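Coordinates in review
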Amino acid sequence: MNTSSSFKVFASPPLIFSSRPPKNASQNPRFSSKVPRSCPKTIRCMRDSLNLRSSPNAPSALSFATVEAPLGTKTSDKLRILVSEFRSLTEPIDRVKRLLNYAADLAPLDDTARVSANRVPGCTTQVWLDIKMDEFGRMRFKADSDSEISKGFCSCLIWILDGAKPEEVMGVRSEDLSEMNVGVHGKEQSRVNTWQNVLMTMQKRTMTLVAADVAHRGGERPPHHHKHDLLFKYVNGSYMESSTVHDYSISLLPLYYDFTI
Amino acid sequence: MEGVAMKLPSFKSLAPNAISIGHRSFSRVRRSSSLSVFSAASSSATVATNSESVSLGHRVRKDFRILHQEVNGSKLVYLDSAATSQKPSVVLEALQNYYEFYNSNVHRGIHYLSAKATDEFELARKKVARFINASDSKEIVFTRNATEAINLVAYSWGLLNLKPGDEVILTVAEHHSCIVPWQLVSEKTGAVLKYVMLNEDEVPDVDKLREMLSPKTKLVAVHHVSNVLASCLPIEEIVVCAHNVGAKVLVDACQSVPHMVVDVQKLNADFLVASSHKMCGPTGIGFLYGRSDLLQSMPPFLGGGEMISDVFLDHSTYAEPPSRFEAGTPAIGEAIALGAAIDYLSEIGMPKIHEYEVELGKYLYEKLSSLPDVRIYGPRPSESVHRGALCSFNVEGLHPTDLATFLDQQHGVAIRSGHHCAQPLHRYLGVNASARASLYFYNTKEDVDSFVVALADTVSFFNSFK
């Protein structure tokens, strides 16, 4: 199962890895040799259930704290962690590989979720996004794409936002992601700007679910109502039905990115 | 030829600085004249790179400074000319000269600068007319681009002439700019759109098109060269058949005018559109060719200054074509620069450019098809089938966007990925997107080689992740 040759090319150990058995031996060999037995539950915790605490046995092989990000790690912290991770990869090819690793790590999306209602509009690749609100009022995301790089982006976004509160989802801005510097060729909105489109869709549909949830509870205004209003305006970018136009003069990471920072 | 390529002699007296620029462009003209002598000496523009005969691509590269750069640590290999072409320095200089020495509003002023600008602007119109062999420069309407030109025909000619039940024939391979305006207009008029599908050679089925023609057909709007399939339609034939049933023909010549001789008299089309930016000219200008009698019969498209004759509070009378369709201040400098681009292309000679591109395009096709798992769309090149110098393709198991991203980042190769403004075509072909490498006369065999090597590397990279 160890094809360790594919590991040697990495400048630093994979950040996210899975302790679940790979679908087949040849598909995810890159994760196997570096998976310390004791550790990975934390990541699975983050993704699968929010009830487990972090494992105290963080692997020393991994230089990033993400692995032990406990329940309640704020979105902003996760953002910071991901930014520093990508920044540490100085070789452009390593960033692509990291992104492709993330892509492989993306939880699969049911075929039932691959419907046009779940399509992220405006992307040149096809991206499907499945969004739910769990019983704790937190947002749960699943995504898939026909492009491996887009899958990588989705995987990163989901890692940051899966399990977050709606306000946290709404609080992520273009500028935050551009700091990640997975590369910014152009700063303007464009159809190839998968990051931005996916984020906007996540935020818009979060708002819809929040509104539905509020309505369901008898129309009581949630405490942060005014914040939601403000945040809803933010969501109104292109490719969405909106009456206000938001100025996205700093774009999110476009699909092409600058490795030369 | 030289007189056309240079600025008007009287221009030199305009400002002392102008003389030095005039000299510069004069020396450039001289240099390229000597090169054209050179090329005449070496039988034809060949693709070979041995020292005996330098290919057209190699010869002209010095005129395109933008090509001499590195992107992401690799030499730029620009293979996206079907999206927009690069501009030779003479075109940029023409634009600069206009603004620097005789910028002034056209058709209105009495003063010297205005007269000069008007002369140059109308000279550019004449150059366009000559380039496509229109019978009169009044048949050339300057627009923002080909898309606007098609919209002009749709909203001006279409709204007037299309009645409920009338048919407009398009192909499934049309660019969106030759589909959407007709959709908008058919909604308003009740006309019906009919689409010609592809045949087994992946070319629009001209036989089916002939069958579709009927007295109900009022317009046939087709591309000349497809920006995805690289196929070339027999426009002359189509026009004959269409005219037989009383239908007009609009030709979208965006991918043909820059690459080959296009003679509107020979084609006998009613309308023809093209964009400047695909033919070494600047963005922001394009043109519509319309037969005089047709343009005469068409109502205005956009209203404003320039296109009027007299304006009253409750009505206005309109100018003659082409002014009738050129409301407001035009892109004067851009039109003049387009004229310079036409001069540049004519200097090289469109037949020569076409010959070079046919060979280079064939080379691209052959090298690309030699890679495994590559599916190229459109007809196979042969003695009878000349493809345009572009290849839209897909690699099995690899999304074209991933491919294009990697090519750019690791190899500096610029190709396009997506639906190339031809979603119906992609849907017909059963794919969501494709990658496209497109050549122009400033590309070389080495560009194609670099591309193929980079592509092979890209494929093996992504395969290693499977």
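Residues numbered from 1 in each chain as written. Chains lettered and ligands numbered in written order. Predicted model: local features only at pLDDT ≥ 70, side-chain atom pairs only at ≥ 80, totals over all residues. Heavy atoms only, no water.

The name an unreviewed UniProt entry assigns to chain B is cysteine desulfurase, from the organism Camelina sativa. Of the comments in the UniProt record for chain B, the one headed Cofactor (unreviewed entry) reads "pyridoxal 5'-phosphate". What UniProt states about chain B under its Catalytic activity (unreviewed entry) heading is, verbatim, "(sulfur carrier)-H + L-cysteine = (sulfur carrier)-SH + L-alanine". (UniProt positions renumbered as here; feature names shortened; annotations may be inferred.)

Chain A carries the name SufE-like protein 2, chloroplastic in an unreviewed UniProt entry, which gives Camelina sativa as its organism.

A few points about the overall build of chain A
Secondary structure summary: chain A contains 10 helices and 2 strands in total. Each helix (α) and strand (β) of chain A, taken in turn from the N terminus, gives the series α-α-α-α-α-β-β-α-α-α-α-α. For chain A, with 261 residues in total, the buried portion stands at 53%. Looking at chain A alone, contacts between residues at least 24 apart form 70% of all its contacts between residues at least 6 apart. (Helix = DSSP H or I, 4+ residues; strand = E, 2+ residues; numbered from the N terminus. Buried < 20%, exposed > 50% of the residue type's maximum accessible area, 1.4 Å probe, protein only. Contact = heavy atoms within 4.5 Å.)

Structural notes on the pattern of salt bridges
When the charged atoms of two side chains with opposite charge come close together, those side chains can pair. Applying the stated rule across the entire model yields 27 salt bridges over all chains. Among the salt bridges present, the one from A:Lys132 reaches A:Asp130, with a minimum N-O distance of 3.0 Å. On the basis of relative accessible area, A:Lys132 is assigned to the partly exposed category, the value being 48%. With its nearest N and O atoms 2.9 Å apart, the salt bridge here joins B:Asp207 to B:Arg210. Here B:Arg210 and B:Asp207 lie together in helix α8 (residues 206-212), a separation of 3 residues that amounts to about one turn. (Salt bridge = Lys/Arg side-chain N within 4 Å of Asp/Glu carboxyl O.)

Regarding helix α13 (residues 350-369) of chain B
Helical periodicity: at 3.6 residues per turn, an α-helix aligns residues three or four positions apart in one direction. Compared with the 28 Å implied by 1.5 Å per residue over 20 residues, the 28 Å span of α13(B) between its first and last C-alpha is a close match. Buried within α13(B) we find B:Met350, B:Ile353, B:Tyr356, B:Glu357, B:Val358, B:Leu360, B:Gly361, B:Tyr363, B:Leu364, B:Tyr365 and B:Leu368. (Expected span 1.5 Å × (residues − 1).)

Overview of the side chain of A:Lys78
All names here are of chain A. Along the chain, lysine 78 falls in helix α4 (residues 75-88). Within the buried core, lysine 78 has no salt-bridge partner, and the shortest N-O distance to an opposite charge, that of glutamate 168, equals 7.3 Å. One polar contact links the side chain of lysine 78 to the main-chain carbonyl oxygen of tryptophan 159, over a distance of 3.2 Å. (Lys, Arg positive; Asp, Glu negative; His and termini not counted. Polar contact = N/O pair within 3.5 Å; in protein donor to acceptor, adjacent residues only side chain to side chain.)

Comments concerning the state of the cysteines
Simply put, disulfide is the name for a covalent bond between the sulfur atoms of two cysteines. Residues and elements named next belong to chain B. For the coordinates displayed, the defined rule picks out 0 disulfides over all chains. Here cysteine 421 stays free of any disulfide, with the sulfur of cysteine 254 as its closest cysteine sulfur at 11 Å. The exposure class assigned to cysteine 421 is partly exposed, which follows from its relative accessible area of 28%. (Disulfide = S-S within 2.5 Å.)

Topic: the pairing of strand β7 (residues 217-223) of chain B
Residue and element names in this part refer to chain B. Burial analysis of β7 places 6 of its 7 residues in the buried class, the great majority of the element. With 3 bridges joining them, strand β5 (residues 167-171) and β7 adopt parallel strand pairing. Bridged to glutamate 167 within β7 is threonine 217. Of the strand pairs in this sheet, β7 and strand β8 (residues 248-252) are connected by 5 bridges, and their pairing is parallel. Bridged to leucine 219 within β8 is lysine 248. (Pairing = 2+ DSSP bridges.)

Points about the pairing of strand β11 (residues 308-311) of chain B
Residues and elements named next belong to chain B. Judged from the 3 bridges that link them, β11 and strand β12 (residues 316-318) form a sheet pairing that is antiparallel. If you follow isoleucine 308 over to β12, its bridge partner there is tyrosine 318. Taking the residues that link successive antiparallel strands as the turn, the β11-β12 hairpin has 4 residues.

Quick notes on the confidence of the model for chain A
Residue and element names in this part refer to chain A. In this model, chain A carries an average pLDDT of 64, and 49% of its residues clear a pLDDT of 70 or more. Predicted confidence is poor over residues 1-69, with pLDDT under 50, and the contacts of this stretch with residues over four places away or in other chains come to 114 contacts. Note that pLDDT drops below 50 for residues 186-191; the model gives that stretch 24 contacts with residues more than four away or on any other chain. (pLDDT = per-residue confidence, 0-100.)

Examining the sheet that holds strand β16 (residues 416-418) of chain B
Residue and element names in this part refer to chain B. Taken in spatial order, the 4 strands line up as β13-β14-β17-β16 in an open sheet, and their pairing is antiparallel. Taken across any chain shown, the strands that pair with only one partner, and hence form the sheet edges, are β13 (374-376) and β16. Adjacent strand axes in the sheet meet at a mean angle of 30° when their direction is disregarded. Here β16 pairs with strand β17 (residues 434-438) via 3 bridges, running antiparallel. Residue serine 417 lies in a different strand from β17, and its bridge partner there is alanine 435. (Axes fitted to C-alpha atoms, helices over the stretch in contact; angles between N-to-C directions.)

Re the nonpolar core
One broad trend across soluble globular proteins is that nonpolar side chains are buried collectively. All names here are of chain B. Formed by 140 residues in total, the largest nonpolar core has its most connected members in Ile132, Leu272, Phe393, Ile415, Phe441 and Phe451. Sorting elements by how many residues they give to this core places helix α12 (residues 332-348) first, with 11 residues. By size, the runner-up hydrophobic cluster in this structure holds 27 residues, among which are Leu170, Ala191, Cys254 and Phe325. (Core = buried A, V, L, I, M, F, W, Y, C linked by side-chain atoms within 4.5 Å.)

Let's talk about the packing of helix α5 (residues 92-105) of chain A against helix α6 (residues 148-161) of chain A
Residues and elements named next belong to chain A. The geometry of α5 relative to α6 is characterised by a closest axis approach of 7 Å and an angle of 75° between their N-to-C directions. When the axis of α5 is compared with that of α6, the two are roughly perpendicular. Seen from α5, the contacting residues are Leu99, Leu100, Tyr102 and Ala103; seen from α6, they are Glu148, Ile149, Lys151, Gly152, Phe153, Ser155 and Cys156. Split into classes, the residues belonging to the contact of α5 with α6 amount to 7 nonpolar, 2 polar and 2 charged. (Parallel < 35°, antiparallel > 145°, perpendicular 65-115°, else oblique. Nonpolar A, V, L, I, M, F, W, Y, C, P; charged D, E, K, R; others polar.)

Considering the environment of B:Gly333
Residue and element names in this part refer to chain B. With respect to the helices and strands, the residue glycine 333 is situated in helix α12. On a C-alpha basis, the gap between glycine 333 and proline 234 in space is 35 Å, while along the polypeptide they are 99 residues apart. If we ignore the near neighbours within four places in the chain, the residues touching glycine 333 are Leu95 and Tyr98.

Here we look at α6(A)
Residues and elements named next belong to chain A. When the terminal C-alpha atoms of α6 are compared, their 20 Å separation across 14 residues agrees well with the 20 Å that a helix rising 1.5 Å per residue should span. The buried count for α6 comes to 13 of 14 residues, which makes it a mostly enclosed element. N-cap assignment for α6: the residue whose side-chain oxygen lies 3.3 Å from the backbone N of isoleucine 149 is serine 147. Looking at the residues trailing α6, positive phi occurs at glycine 163, about 90°.

Describing the packing of aromatic side chains
For the structure shown, the criterion picks out 18 aromatic pairs over all chains. Each ring, one from B:Trp157 and one from B:Phe271, has its centre 6.3 Å from the other, and the planes form 70°; the classification is edge-to-face. Of this pair, B:Trp157 sits in helix α6 (residues 146-161) while B:Phe271 sits in strand β9 (residues 271-275), and the two are 114 residues apart along the sequence. Judged by its relative accessible area of 4%, B:Trp157 is buried. Between B:Phe461 and B:Phe465, the aromatic rings sit 5.2 Å apart at their centres with planes inclined by 55°, giving tilted as the arrangement. Residue classification places B:Phe465 among the buried residues on the basis of a relative accessible area of 17%. Among the aromatic residues, ring-to-ring pairing joins B:Phe64, B:Tyr344, B:Tyr440, B:Phe441 and B:Tyr442 into one connected group. Here A:Lys78 stacks its cationic end above the ring of A:Trp159, 5.7 Å away from the centre of that ring. Cation over ring: A:Arg114 sits above A:Trp128, and NZ or CZ is 4.7 Å from the ring centre. (Phe/Tyr/Trp six-rings, centres within 6.5 Å; stacked < 30°, edge-to-face > 60°. Lys NZ or Arg CZ within 6 Å of the ring centre and 35° of its normal.)

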